[in-house]
Amino acid sequence: MADHYPYRIVTRREDLTLIWRPGEDDALDEFVVDGLGRLLAFRDLETLREYCDRNDRELVQEDEAALDLAAVRRWVERPDPGAVSAGLLLDAWNFFEDLSRSLQAAPSLPSQGPIHDSAYEKIFGGEALEPAAGEGAWTGEETAAVREFLRAGLVLWGRAVRGVAPA
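Worth saying up front: this structure is predicted, and the values here are computed from it rather than measured.

### Re unusual backbone geometry
Next, step 1: The phi dihedral of Asp 56 is positive, around 55°, even though this residue is not glycine.
Next, step 2: Its location among the elements puts Asp 56 in the loop between α1 (45-54) and β4 (58-59).

Below, the structure written as structure tokens:
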């Protein structure tokens, strides 16, 4: 039985917790969906624990991961370098990729090319938002590509939780 981890999403409206499962061997990371391919979202940890117990899922509760999508949204709307950390944007990028794979019926994220690859390398290095980082800082083109990608991810997130009552 694979391990499952709570993954809390912070938004302006409410916090929801998803179930994240890391990929084993060559499998990719993903979020747990129901039999209809809809994202499972929980308002509290007790309900999430009960769900995992009923469905024979091993829930590992170490440090609960949390992603502040409200802060990501503010940066996408106004990319002020001091407003967020590179780590937060990297976490959001990875979250949206995992979410997109998990929701197979949902619209996919924009295609990624060399600009995205370069931006991802720089954000992984941690200096992408630092203007003084020289070549380690994002160019205007990279910043625009990241904003477009994250904006599409926020739309995907909105569609994933719209009209679906959390479990």
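Don't stop here, the text continues.
### A look at the pairing of strand β1 (residues 3-10)
Put simply, side chains in a regular strand alternate between the two faces of the sheet.
Next, step 1: Pairing geometry for β1 and β4, over two bridges, is parallel. Opposite Asp 3, over in β4, you have Glu 58 as the bridge partner.
Next, step 2: Pairing of β1 with strand β2 (residues 15-21) involves six bridges; the strand directions are antiparallel. Across the sheet, residue Tyr 5 finds its bridge partner in β2, namely Trp 20.
Next, step 3: Counting the residues between successive antiparallel strands, the hairpin from β1 to β2 contains four residues.

### Considering helix α3 (residues 86-102)
Next, step 1: Over its 17 residues, α3 extends 24 Å from the first C-alpha to the last, a length consistent with the 24 Å expected when each residue adds 1.5 Å.
Next, step 2: Extensive coverage of α3 is indicated by the burial of 12 of its 17 residues.
Next, step 3: What α3 keeps buried is the set Ala 86, Leu 88, Leu 89, Leu 90, Ala 92, Trp 93, Phe 95, Phe 96, Asp 98, Leu 99, Ser 100 and Ser 102.

### Some thoughts on the packing of α3 against helix α4 (residues 114-125)
Next, step 1: α4 packs onto α3 with a crossing angle of 130° between their chain directions and a minimal axis gap of 9 Å. Of the possible angle classes, the one that applies to α3 and α4 is oblique. Viewed along their axes, α3 and α4 form a crossing whose handedness is left-handed. Contacts between α3 and α4 involve Ala 86, Leu 89, Leu 90, Trp 93 and Asn 94 on the former and, on the latter, His 116, Ala 119, Tyr 120, Ile 123 and Phe 124.
Next, step 2: For the contact of α3 with α4, the residue count by class is eight nonpolar, two polar and no charged.

### Overview of the side chain of Asp 98
Next, step 1: Tracing the chain through its elements places Asp 98 in helix α3.
Next, step 2: A relative accessible area of 10% means that Asp 98 is categorised as buried.
Next, step 3: Setting aside anything within four residues of it in sequence, one finds Asp 98 in contact with Trp 20, Asp 29, Glu 30 and Phe 31.

### Comments concerning the packing of aromatic side chains
Working definition: an aromatic ring pair is given by the centre-to-centre distance plus the angle between the planes.
Next, step 1: Using the criterion set out here, one finds 11 aromatic pairs in the structure.
Next, step 2: For the pair Tyr 5 and Trp 20, a centre-to-centre distance of 5.8 Å together with 55° between the ring planes defines the contact as tilted. Here Tyr 5, found in strand β1, pairs with Trp 20, found in strand β2; they are 15 residues apart in sequence, far enough to count as distant.
Next, step 3: Centroid distance Tyr 7 to Phe 95: 5.7 Å. Interplanar angle 5°. Geometry classified as stacked. Taken together, the residues span a long stretch of sequence, with Tyr 7 in strand β1 and Phe 95 in helix α3 at a distance of 88 residues.
Next, step 4: Site record: aromatic cluster; members linked through ring pairs are Tyr 7, Phe 31, Phe 95, Phe 96 and Trp 157.

What counts as what
Residues numbered from 1 in each chain as written. Predicted model: local features only at pLDDT ≥ 70, side-chain atom pairs only at ≥ 80, totals over all residues. Heavy atoms only, no water. Helix = DSSP H or I, 4+ residues; strand = E, 2+ residues; numbered from the N terminus. Pairing = 2+ DSSP bridges. Expected span 1.5 Å × (residues − 1). Buried < 20%, exposed > 50% of the residue type's maximum accessible area, 1.4 Å probe, protein only. Axes fitted to C-alpha atoms, helices over the stretch in contact; angles between N-to-C directions. Parallel < 35°, antiparallel > 145°, perpendicular 65-115°, else oblique. Left-handed = near helix turned anticlockwise from the far one by under 90°. Contact = heavy atoms within 4.5 Å. Nonpolar A, V, L, I, M, F, W, Y, C, P; charged D, E, K, R; others polar. Phe/Tyr/Trp six-rings, centres within 6.5 Å; stacked < 30°, edge-to-face > 60°.

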